[in-house]
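Fold and contact review
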Amino acid sequence: MMTGTVIWLHADNLNPHCAALQAAPGAPAVFVWDEELLDEWKISLKRIVFIYECLLELPVSIRRGDVAAEVAAFAQAHSAQRILTMASPSPRHRLICQRIMQQMPKGSRLEVLRDPPFVETNARLDLKRFSRYWSAVKYDALRGKK
Amino acid sequence: MAEMRRDFANREELIAYLREQFPRAAAVCDDVPAEPLGGRRAAEERLRAARLRDYAATRNFLDGAVTRLSPYIRYGVLSLAEVKEYALANTRTRDEVEKFINELGWRDYFQRVYVEIGDDIWEDQEEYKTGFGAHEYAEALPDDIRAGQTGVAFIDDQIKALYQTGYLHNHARMWLAAYVVHWRRVRWQAGAAWFLEHLLDGDPASNNLSWQWVASTFSTKPYYYNLENVLKYTGDRYQGDPAAFGHQAFVGSYETIARRLFPRIDLSFDAEPRGKRR
Ligand SMILES: Cc1cc2nc3c(=O)[nH]c(=O)nc-3n(C[C@H](O)[C@H](O)[C@H](O)COP(=O)(O)OP(=O)(O)OC[C@H]3O[C@@H](n4cnc5c(N)ncnc54)[C@H](O)[C@@H]3O)c2cc1C
């Protein structure tokens, strides 16, 4: 039976203290350079070097290619049916999560974790302009600082 | 797929390996700055070095006490909440820390907008408020801009810095973006994609929405500036005869500049339109 956990890290959260690494200390972790995205964005070498240096401080296996296929293969190679990843605002992250699940055996789980937010708010924020957002969150962001 | 290497004797070896692994990235631009280094250790060092108490008064100046934390924040190496907590703990009063936390708020805000609009981050959020329709802006970035040879000294210097360091001060980003969109009438998307090639902190949310803010497709009026504003915030670097530096197009009051750039509309004039807001 497959019971293990693996962690999929991506470039929107390379924090060694992120919730995923803390939730499963010692679990195998993988980062995949997204070949399709590299084609699309044409980022220059200095950006790649910076990200790579961040990765070298993390306990992570570094790969490249089709992200979903690599993550699913990594999980299966470690007999894992549970994958942890960190939240991302990018629509591509959601798409890759779906593709991963399509390639995982039935009963597998993918959990998207979050670090503590910049501000705790239950209010539905009006995002039309920054000024509206800021007046709604300012008090909490400054936490009563005098 | 095979694993990529993790063992390197030094940074040169790492860079050589990545140059070979990612030849197209090296073809876009082969420069790698000596700093900043990626990773949590360097991030924490930079956070401890931040001169937060001087931030509010000096942040608009190119040599002001900005933190240069952006690449670490962009990749989540430091979370926005961690940086905020550190700032609250390491300043004395609300006055001292409010501006800095407000700027962190801009990032949080842009991230939230991105969650809502997704790939539409590449679409005009609103019409241009410049008197021009989107179709009147060029699609592609002109070659002289890409080459950093516009003939405008402070613009060309910033373009070189972008290539060599992957970082620009916020004010320089605003000047460069406004130059591309308003002085050269190029669609903001072309400039935004170009920035993302090079900025170490390059992020579709902060970058594209800032470009849209400058362009006026995500704000109530376009951002523009004049030579005086550049001189004020760059110290004595460009003092002297403006014409000699190719700065003629930037000379004049805000009103003069606005008439030149946006002849079809009537903008109301503040002494320093919106420069302070960011
Ligand atoms: C045309 C244009 C493009 C930009 N592209 C990006 C981008 O791709 N990535 C990016 O992170 N920022 C971008 N910005 C915002 C801003 O210029 C940078 O975040 C800031 O200059 C980074 O330098 P710093 O870390 O020294 O900032 P500091 O002034 O020290 O601010 C601290 C942190 O707050 C956040 N921040 C500060 N100002 C802003 C702002 N106006 N908008 C959003 N976040 C802010 C950043 O995370 C920054 O690291 C852009 C601005 C403009 C005008």
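Residues numbered from 1 in each chain as written. Chains lettered and ligands numbered in written order. Predicted model: local features only at pLDDT ≥ 70, side-chain atom pairs only at ≥ 80, totals over all residues. Heavy atoms only, no water.

Things to note about the overall build of chain A
Helices and strands together make up the secondary structure of chain A, namely six helices and five strands. Each helix and strand of chain A, placed in order from N terminus to C terminus, yields the pattern β-α-β-α-α-β-α-β-α-β-α. If one aligns the C-alpha atoms of chain A with their principal axes, the spans along those axes are about 55 × 40 × 30 Å. Taken over 146 residues, chain A has a buried fraction of 53%. Counting contacts in chain A only where the partners sit at least 6 residues apart, residues at least 24 apart contribute 68% of the total. Counting every atom, chain A has about 6,800 Å² of accessible surface; 51% of that belongs to carbon and sulfur. Charge separation in chain A, taken as the distance between the mean sites of 20 positive and 15 negative side-chain charges, equals 8 Å. (Helix = DSSP H or I, 4+ residues; strand = E, 2+ residues; numbered from the N terminus. Buried < 20%, exposed > 50% of the residue type's maximum accessible area, 1.4 Å probe, protein only. Contact = heavy atoms within 4.5 Å. Areas by Shrake-Rupley, 256 points an atom, 1.4 Å probe, with all protein chains shown as cover. Lys, Arg positive; Asp, Glu negative; His and termini not counted. Charge placed at Lys NZ, Arg CZ, Asp CG, Glu CD.)

Focus: the site of the ligand
Residues and elements named next belong to chain B. What surrounds the ligand is a group of 29 residues, the closest being Tyr-55, Thr-67, Arg-68, Tyr-167 and Asn-170. Contact between the ligand and Thr-67: an oxygen atom at 2.5 Å from a side-chain N or O atom of the residue. Between a nitrogen atom of the ligand and a main-chain N or O atom of Asp-201, the distance comes to 2.9 Å. Taken by itself the ligand offers 820 Å² of open surface, and the protein chains cover 99% of this. Secondary structure elements with two or more residues in the shell around the ligand: helix 5 (70–74), helix 7 (94–117), helix 10 (170–183) and helix 12 (204–215). Along the lines of polarity and charge, the residues of the shell around the ligand split into 15 nonpolar, seven polar and seven charged. The residues that make up the shell around the ligand include at least three from each of domain 1 (13–118) and domain 2 (122–261). (Near = heavy atom within 4 Å. Polar contact = N/O pair within 3.5 Å; in protein donor to acceptor, adjacent residues only side chain to side chain. Nonpolar A, V, L, I, M, F, W, Y, C, P; charged D, E, K, R; others polar. Domains from an automatic or database assignment.)

Section: the packing of aromatic side chains
The tally for this structure, following the rule as stated, stands at 38 aromatic pairs over all chains. Taking the centre distance of 5.8 Å and the plane angle of 35° together, the rings of Phe-50 of chain A and Tyr-75 of chain B count as tilted. Taken as a pair, Phe-50 of chain A in helix 3 (residues 45–56) and Tyr-75 of chain B in the loop between helix 5 and helix 6 (80–89) lie in two separate chains rather than in one. Each member of the pair Phe-50 of chain A and Tyr-75 of chain B is classed as buried. Between Trp-183 of chain B and Tyr-225 of chain B, the aromatic rings sit 4.8 Å apart at their centres with planes inclined by 45°, giving tilted as the arrangement. Placement of the pair is Trp-183 of chain B in helix 10 and Tyr-225 of chain B in the loop between helix 12 and helix 13 (227–233), with a sequence separation of 42 residues. Through pairs of rings, three or more aromatic residues link up here, namely Phe-154, Trp-175, Tyr-179, Trp-183, Trp-213, Tyr-223, Tyr-225, Tyr-238 and Phe-250 of chain B. (Phe/Tyr/Trp six-rings, centres within 6.5 Å; stacked < 30°, edge-to-face > 60°.)

A few points about the domain arrangement of chain A
Split into domains, chain A comes out as domain 1 (4–115) and domain 2 (118–146). Between the C-alpha centres of domain 1 of chain A and domain 2 of chain A there is a distance of 31 Å.

Some words on a negative patch on the surface
There is a patch of like negative charges on the surface, built from Glu-40 of chain A together with Asp-119, Asp-120 and Glu-123 of chain B. Within the fold, Asp-120 of chain B resides in the loop between helix 7 and helix 8 (143–146). (Patch = residues over 30% accessible without salt bridge, like charges linked within 9 Å, V, L, I, M, F, W, Y side chains within 5 Å. Salt bridge = Lys/Arg side-chain N within 4 Å of Asp/Glu carboxyl O.)

Re the nonpolar core
Ranked by size, the top nonpolar core spans 127 residues in total, and within it Trp-33 of chain A together with Trp-194 and Tyr-225 of chain B carry the most contacts. Counting residues per element, this core draws most heavily on helix 10 of chain B, at 10 residues. In this structure Trp-194 of chain B touches Leu-141, Ile-145, Arg-146, Ile-159, Leu-162, Tyr-163, Leu-176 and Val-180 of chain B, once residues within four positions along its chain are discounted. Counting residues in hydrophobic clusters, the runner-up holds 16 residues, among them Trp-8, Val-32, Ile-83 and Ile-100 of chain A. (Core = buried A, V, L, I, M, F, W, Y, C linked by side-chain atoms within 4.5 Å.)

Thoughts on the pairing of strand 4 (residues 80–86) of chain A
Residues and elements named next belong to chain A. Burial analysis of strand 4 places five of its seven residues in the buried class, which makes it a mostly covered element. In this sheet, strand 4 lies alongside strand 1 (residues 4–9) in parallel orientation, the contact comprising five bridges. Bridge pairing in strand 4 places Thr-5 opposite Arg-82. Two strands pair when backbone bridges link them, and strand 4 and strand 5 (residues 109–113) are joined in this way by five bridges, in the parallel orientation. Looking at the pairing, Thr-85 lines up with Val-112 of strand 5. This β-α-β element, strand 4 to helix 5 (residues 91–103) to strand 5, shows right-handed connectivity. (Pairing = 2+ DSSP bridges. Right-handed = clockwise from strand over helix to strand, strands pointing away.)

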